[in-house]
Amino acid sequence: MEVLHISPELAAKWLTRNTNNRPLSKSAVQQLAGQMQRGEWQLTHQGIAFDENEVLIDGQHRLAAVIKADTTVPMTVTHGVPRTAFTVMDTGRKRTGRDALALAGEANATHLAAALRGLHLFLHAPNSAWSGGSSVTSNDQLLVLLEKHPRVRDALHHGIALNRACRVTVTAATIGWYVTAEARPDIDQSAWKDGVITGARLESGDPRLTLRNTMLSLAAGKTHRRRDDSREHLLYYLKAWNAWVEGRNMKLLRRSPNETMPAISSRPLVTSGDDND
């Protein structure tokens, strides 16, 4: 075993020895290349392995990522690994974002990881599909994002409460609460939250009641869960929140197939009699 700095040229050379490996995953290569380009790559015991005949049996995705990132990174290189060991390579469970946050001492790590991934997508690709390889966020990205947006922790508590009340996804409710609170610190959202959670004393057309009823209806009627439900829920959340701020009636919440994520309203809050009681 040795540690070598793998350049794109060396990676290309070694990939010619890749004669009997699993199919290359483009999304896995893109994820690793992104880590290298962002400076997140770290030297570990996992690297490149060749068998007794110097045939590559582990590390093809890492080598392809070096080429895609066009950078040089250190890796552990092992020679002479028995070919029979190929069947037990990469069979362990990868460390997830939840694992990374839990190890960092964060509470509600599962929900927090999902909310941070959603926030990353909202900030950088709000109108893309929030599923598939393009939605993958590295553990380092999650930790950096939390450092930049520490109040997501508080928003998560509101998101969990809203989820329990009307089945909006925790991710969507957390992001919705966080981005509106950050964009409009002048607005006390207590009346918004209370209205969505209880629906009490709200008239038909109140955006809070419409959001609540829409989420409950979706939860009761859907037969399967799409991977981008949180994006759809967040779109509904922000549309209803904007209508609430602007004092507009909203009896139906719908979205067109290509509808973009709404911008957060900058208009002054219009209060109703119910909010003042």
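Residues numbered from 1 in each chain as written. Predicted model: local features only at pLDDT ≥ 70, side-chain atom pairs only at ≥ 80, totals over all residues. Heavy atoms only, no water.

A word on the pairing of strand E4 (residues 73-81)
Okay, step 1: Sheet topology places strand E1 (residues 2-6) next to E4; 5 bridges connect them, and they run antiparallel. Residue pairing in the sheet places Val3 in a bridge with Thr76 of E4.
Okay, step 2: Bridge count for strand E2 (residues 48-51) against E4 is 3 bridges, and the pairing is parallel. Across the sheet, residue Asp51 finds its bridge partner in E4, namely Val81. (Pairing = 2+ DSSP bridges. Helix = DSSP H or I, 4+ residues; strand = E, 2+ residues; numbered from the N terminus.)

What about the packing of aromatic side chains?
Okay, step 1: Summed over the entire model, instances satisfying the criterion amount to 4 aromatic pairs.
Okay, step 2: Where Trp192 meets Tyr237, the ring centres are 5.4 Å apart and the plane angle is 75 degrees; that geometry is what we call edge-to-face. Of this pair, Trp192 sits in helix H9 (residues 190-198) while Tyr237 sits in helix H11 (residues 229-246); the two residues are 45 residues apart in sequence, bridging distant segments of the chain. When sorted by exposure, Trp192 lands in the same class as Tyr237, which is buried.
Okay, step 3: Among the aromatic residues, ring-to-ring pairing joins Trp192, Tyr237, Trp241 and Trp244 into one connected group.
Okay, step 4: We note Arg17 situated over the ring of Phe50; from NZ or CZ to the ring centre the distance is 5.1 Å. (Phe/Tyr/Trp six-rings, centres within 6.5 Å; stacked < 30°, edge-to-face > 60°. Buried < 20%, exposed > 50% of the residue type's maximum accessible area, 1.4 Å probe, protein only. Lys NZ or Arg CZ within 6 Å of the ring centre and 35° of its normal.)

Some words on the packing of helix H2 (residues 26-37) against helix H3 (residues 60-69)
Okay, step 1: With their axes 8 Å apart at the nearest point, H2 and H3 run at an angle of 55 degrees to one another. By the angle between their directions, the pair H2 and H3 is classed as oblique. Every pair of crossing elements has a handedness; the one defined by H2 and H3 is right-handed. Packed against H2, whose contacting residues are Ala28, Val29, Gln30, Leu32, Ala33, Met36 and Gln37, the element H3 presents His61, Arg62, Ala64, Ala65, Val66, Lys68 and Ala69 at the interface. (Axes fitted to C-alpha atoms, helices over the stretch in contact; angles between N-to-C directions. Parallel < 35°, antiparallel > 145°, perpendicular 65-115°, else oblique. Left-handed = near helix turned anticlockwise from the far one by under 90°. Contact = heavy atoms within 4.5 Å.)

With respect to the pattern of salt bridges
Okay, step 1: On inspection of all chains with the given rule, the structure shows 12 salt bridges.
Okay, step 2: Of the charged contacts, one joins Arg208 and Asp206 as a salt bridge, the two residues approaching to 2.8 Å between their closest N and O atoms. Summarising the burial analysis for this pair, Arg208 and Asp206 share the class buried.
Okay, step 3: For Glu246, the salt bridge identified is with Arg248, shortest N-O distance 2.7 Å.
Okay, step 4: Among the residues examined, Glu246 registers a relative accessible area of 18% and is labelled buried. (Salt bridge = Lys/Arg side-chain N within 4 Å of Asp/Glu carboxyl O.)

Comments concerning unusual backbone geometry
Okay, step 1: Non-glycine residue Asp70 carries a positive phi angle of around 55 degrees.
Okay, step 2: Mapped onto the fold, Asp70 is located in the loop between H3 and E4.
Okay, step 3: Judged by its relative accessible area of 61%, Asp70 is exposed.
Okay, step 4: Here the phi dihedral of Asn108 falls at roughly 50 degrees; this positive angle occurs in a residue that is not glycine.
Okay, step 5: On the secondary structure map, Asn108 appears in the loop between helix H4 (97-103) and helix H5 (109-124).

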